[in-house]
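# Chains, contacts and geometry: an overview
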Amino acid sequence: MELNKLESLLKKYEEGNTTLAEEKQLRDYFSSEEIPAHLRSYKMIFAFAANEKNRTYPGKPQLTSKKGQFFFIGIAASILLAIGVFTWQNNIREELPEHNLGTIEDPQEAYQKTKEALQMVAEVFNDGREDLEYLNEFNKTKNKFINNQ
Amino acid sequence: MNQNTFISLINPVKDKMYRLALRLLISKESAEDATQEVFLKLWNRNEKIKDYANLEAFAMTVTRNYCLDQLKSKQNSNLKMIHNNYESHERSIHDQLETTDELAQVSKILEGLPEQQKIIFQLRDIEQYEFEEIAEITKMKETAIRVSLSRVRKKIREELLKKHSYGIK
């Protein structure tokens, strides 16, 4: 392209008055030929524009919202959790009557059993009390010292 | 309209939508999210889309509006941070080119300009839309578009000259 024509085109370009066809001429010129140093700034602008046009959208258009997916996953998770807690509590309730708690119906037998149980507790209690003899020994020794003073 | 028809209609426009979003939001992640959101918006209105004679212009308008809304909203405060990541990331790609730094400079200059001018530059000098189409997308008058375009073109060159003093020879 002749320099005169080029300069006038560039002026028109800067005024925002070039047509697309004229802008294509400019693009072609700046992409192929050796550019005079004083026009290098234009080359940068056209090179930048060309470079930017090569960018492409990296994903694929999706017509379902990601937010929506998480929303449903959330609902599904809370339903599962609710079912889990519900069945777990039901299991506990069912287990209780299944255990034989040893309830005795006959009052006489119940009295006997209770007595046995209390007796056993008392024996164990007394065993424990024997060990407290050590404490008496300790008290004796302590009193000895106190009395000596 | 079924999904496949919709996707085949939107496919030729999707890169342009993404690039416009990228120009405005700067971060790649935000631009991708925005583009995806706009697909959904369009799909949800697909019954009405038949009425819009020009789907491409409509898609671009929705993208533009969505991005401007994003910039206004609070999420905007996060953008600056992501923006820095983007810069360093960009460099590494550009490094393969000889003119890397200079192209990055144009990008930087453009970033500093008002949204309106970014949009106009994007639509005209990068996507090469006719003025009529730009008027339809931006709902601006053609004369206003030309004025804005002239400003942004001059401004970029002016800034480049400041940095390099090209042409002083």
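See the structure printed just above.
No experiment lies behind these values; they were computed from the predicted model shown.

Calculation rules
Residues numbered from 1 in each chain as written. Chains lettered and ligands numbered in written order. Predicted model: local features only at pLDDT ≥ 70, side-chain atom pairs only at ≥ 80, totals over all residues. Heavy atoms only, no water. Helix = DSSP H or I, 4+ residues; strand = E, 2+ residues; numbered from the N terminus. Contact = heavy atoms within 4.5 Å. Axes fitted to C-alpha atoms, helices over the stretch in contact; angles between N-to-C directions. Parallel < 35°, antiparallel > 145°, perpendicular 65-115°, else oblique. Core = buried A, V, L, I, M, F, W, Y, C linked by side-chain atoms within 4.5 Å. Buried < 20%, exposed > 50% of the residue type's maximum accessible area, 1.4 Å probe, protein only. Salt bridge = Lys/Arg side-chain N within 4 Å of Asp/Glu carboxyl O. Buried area = accessible area lost by both parts, 1.4 Å probe. Polar contact = N/O pair within 3.5 Å; in protein donor to acceptor, adjacent residues only side chain to side chain. Expected span 1.5 Å × (residues − 1). Phe/Tyr/Trp six-rings, centres within 6.5 Å; stacked < 30°, edge-to-face > 60°. Lys NZ or Arg CZ within 6 Å of the ring centre and 35° of its normal.

Its place among the elements puts B:Gln122 in helix 7 (residues 115-126). Other than its neighbours up to four places away in sequence, B:Gln122 contacts B:Arg19, B:Leu20, B:Arg23 and B:Glu127.

What follows deals with the packing of helix 3 (residues 40-53) of chain A against helix 7 of chain B. Relative orientation of the contacting elements helix 3 of chain A and helix 7 of chain B amounts to 85°, with a least axis distance of 10 Å. As the angle between them shows, helix 3 of chain A and helix 7 of chain B are arranged roughly perpendicular. Listed contacts from helix 7 of chain B to A:Ile45, A:Phe48, A:Ala49, A:Glu52 and A:Lys53 of helix 3 of chain A are B:Phe121, B:Asp125 and B:Ile126.

One finds A:Phe30, B:Met17, B:Leu42 and B:Ile156 to be the most contacted residues of the largest nonpolar core, which totals 64 residues. In terms of residue count, helix 1 (residues 3-25) of chain B provides more of this core than any other element does, 10 residues in total. Excluding residues that lie within four positions of it along the chain, A:Phe30 makes contacts with A:Leu10, A:Ile35, A:Leu39, A:Tyr42, A:Lys43 and A:Phe46.

Counted by the stated rule, this structure contains 16 salt bridges over all chains. Two residues, A:Lys140 and A:Glu137, come together in a salt bridge whose shortest N-O distance is 3.8 Å. In this pair, A:Lys140 and A:Glu137 are both assigned in helix 6 (residues 133-148), 3 residues apart and thus about one turn of the helix distant. Between B:Glu56 and B:Lys16 there is a salt bridge, with its nearest N and O atoms 3.1 Å apart. In this pair, B:Glu56 is assigned in helix 4 (residues 55-72) and B:Lys16 in helix 1, connecting sequence segments 40 residues apart. When its relative accessible area of 17% is taken as the criterion, B:Lys16 is described as buried. Via salt bridges that share partners, A:Glu23, B:Arg124, B:Asp125 and B:Arg153 belong to a single interconnected network.

Bringing the interface of chain B and chain A into the picture now. Many structure descriptions define interface size as the accessible area lost when the parts assemble. Counting from both sides, the interface comprises 50 residues of chain B and, opposite them, 36 residues of chain A. Both faces combined, the contact of chain B with chain A buries some 3900 Å², and carbon together with sulfur accounts for 60% of it. Summed over the three residues of chain B that lose the most area to chain A, namely B:Gln128, B:Arg153 and B:Arg157, the buried surface amounts to 16% of that side. Taking the shortest distance from any N to any O, the salt bridge between A:Glu14 and B:Arg157 comes out at 3.9 Å. One can count 15 residue pairs in polar contact (both at pLDDT 80 or more) joining chain B with chain A. Every element with two or more residues in the side of chain B that touches chain A is listed here: helix 1, helix 2 (28-44), helix 5 (76-94), helix 6 (100-111), helix 7 and helix 9 (142-164) of chain B. Counting residues per element, the side of chain B that touches chain A draws most heavily on helix 1 of chain B, at 11 residues.

Glancing now at helix 9 of chain B. In this model helix 9 of chain B runs 33 Å from its N-terminal to its C-terminal C-alpha over 23 residues, within 8% of the 33 Å that 1.5 Å per residue would give. Residues B:Ile145, B:Ser148, B:Leu149, B:Ser150, B:Val152, B:Arg153, B:Ile156, B:Arg157, B:Glu159 and B:Leu160 constitute the buried set of helix 9 of chain B. As for helix 9 of chain B, its buried residues are in contact with helix 1 (3-14), helix 2 (20-32) and helix 3 of chain A together with helix 6, helix 7 and helix 8 (131-138) of chain B.

Under the definition given, this model contains 8 aromatic pairs over all chains. Geometrically, the ring pair formed by A:Tyr29 and A:Phe30 is edge-to-face, given 5.0 Å between the ring centres and 85° between the ring planes. Exposure remark for A:Tyr29: the relative accessible area of 5% places this residue in the buried category. Grouped by ring-pair contacts, the aromatic residues A:Tyr13, A:Tyr29, A:Phe30, A:Tyr42 and A:Phe46 constitute a single cluster. Geometry around B:Phe131 places B:Arg124 over its ring, the cationic atom sitting 4.0 Å from the centre. A cation over an aromatic ring shows up here: B:Arg146 above the ring of B:Phe131, its NZ or CZ 4.1 Å from the ring centre.

Honestly, that's just the spatial picture; any functional story needs more than this.
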